[in-house]
Amino acid sequence: MIPKYRRIVLKLSGEALAGQHGFGIDPAVIRDIARQIADVAKLDVQVAIVVGAGNIWRGATGSQMGMDRATADYMGMLATVMNALALQDALEKLGVATRVQSSIHMSEVAEPYIRRRAIRHLEKGRVVIFAGGTGNPFFSTDTTAALRAAEIEAEVILMAKNGVDGVYTADPQKDPTATKYAELDFMEVLKQGLGVMDSTAASLCKDNDIPILVFNINEDGNILRAVMGEKIGTLVGK
Ligand code: UDP
C-alpha cells in the first residue's frame, strides 16, 4: 500500500463536523473524522488540515443581519479556532500528535501561524491544524486551504464535502439528469461557476498547480481512499 500523496491539505468544512444537526459539533462525527485522519497519518502521510466554521458562524450571515462585514468575518475566523481545538482534542485522544496554528494570535490556545514551523511539525509526523482562516476578512477557508497548500507545497487539497460525492453538471437534488464529473479543470469551474469552491480559491489553485479532490466525507474510509489515489469524487485540475 503506497499512498499517492505524501503531503496533503484536508479542507474540512464546519458543516462536516456538525453531522445531522447542521449546527455545532457532533462528538460522534468528530471522533469518526479523527479516526479517519489517524488512519492516514499512520501511513507517514503528512497531514495539514484547514477547518471552516459554517457550523458556528458565517460572515455573510452577520452581514445579512446588518453587521459590518469585516467584523462578522472576524467572528467567523474566531469560530474556526473552536473547531480546530475540538479536532485537536479528538485527534490527541487517539494518540495523534497535533498542533493548532492560528493566523489570528491567540497564544494561550494555539501557536501563531509560522510557515517554516508548520512544515517542521509535518516532517516530524504531527498533524497541523490551520485555524483562523487567512487572518483576513472577505476571504474563505477554501481560499485558506489553497493558500496554505501553496505555502507548504502540499501535493493536493482534499476537499471534504458533507454528503456530496463530487462535482455535478447541475444540482443532483434538483435535476435528476445531473451527472458527476470524474475530472475537471479549473477553467471550467470558473467559467461555469460550479459551486465547488469560491473563485478566489479556484484561481489560486489554478495559478499554483494545486489539484483539488472533491469527495464525500460521510462515507467511511474515504480520506484514506483519496490519499491512496483511488478514483473517488471529482479531481479538479489534474
Ligand atoms: N473567514 C474570513 N477569512 C478567512 C476565512 C474565513 O473572514 O480567511 C470567515 C468568513 O466570515 C467565513 C467564516 O470565517 O464565512 C467561516 O469560514 P467558511 O465559511 O469558509 O467555513 P466553511 O464553509 O468551510 O464551514
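Before reading on, note that the structure itself is shown above.
Keep in mind it's a predicted model, so treat the numbers as computed, not measured.

Enquirer: Would you take a moment to explain unusual backbone geometry for this structure?
Expert: Backbone geometry follows two general trends: most residues other than glycine have a negative phi, and most peptide bonds adopt the trans configuration. Phi at Phe138 is positive, roughly 70 degrees, even though this residue is not glycine. Using a count of 11 C-beta atoms within 10 Å as the deciding quantity, one classes Phe138 as exposed. Phi is positive for Glu153, close to 55 degrees, though the residue is something other than glycine. Its location among the elements puts Glu153 in the loop between helix H6 (141–152) and strand E6 (156–161). Accessibility expressed as a C-beta count within 10 Å gives 10 for Glu153, which makes it exposed.

Enquirer: What is the right way to read helix H5 (residues 115–123) from this model?
Expert: Note that an α-helix has 3.6 residues per turn; residues three or four places apart therefore point the same way. Taken together, the buried positions of H5 are Ala118, His121 and Leu122. With its buried residues spanning 100 degrees around the axis, H5 presents them on a single face. Of the exposed residues in H5, the ones pointing more than 90 degrees away from its buried face are Arg116 and Glu123. Those residues of H5 that are buried lie in contact with strand E1 (7–12), strand E2 (46–51), strand E3 (98–102), strand E5 (127–131) and H6. Gly125 occupies a position one or two residues after H5 and carries a positive phi of about 90 degrees.

Cut-offs and rules
- Residues numbered from 1 in each chain as written.
- Predicted model: local features only at pLDDT ≥ 70, side-chain atom pairs only at ≥ 80, totals over all residues.
- Buried ≥ 20, exposed ≤ 12 C-beta atoms within 10 Å, placed from the backbone.
- Helix = DSSP H or I, 4+ residues; strand = E, 2+ residues; numbered from the N terminus.
- Arc of directions from axis to C-beta.
- Contact = placed C-beta atoms within 7 Å.

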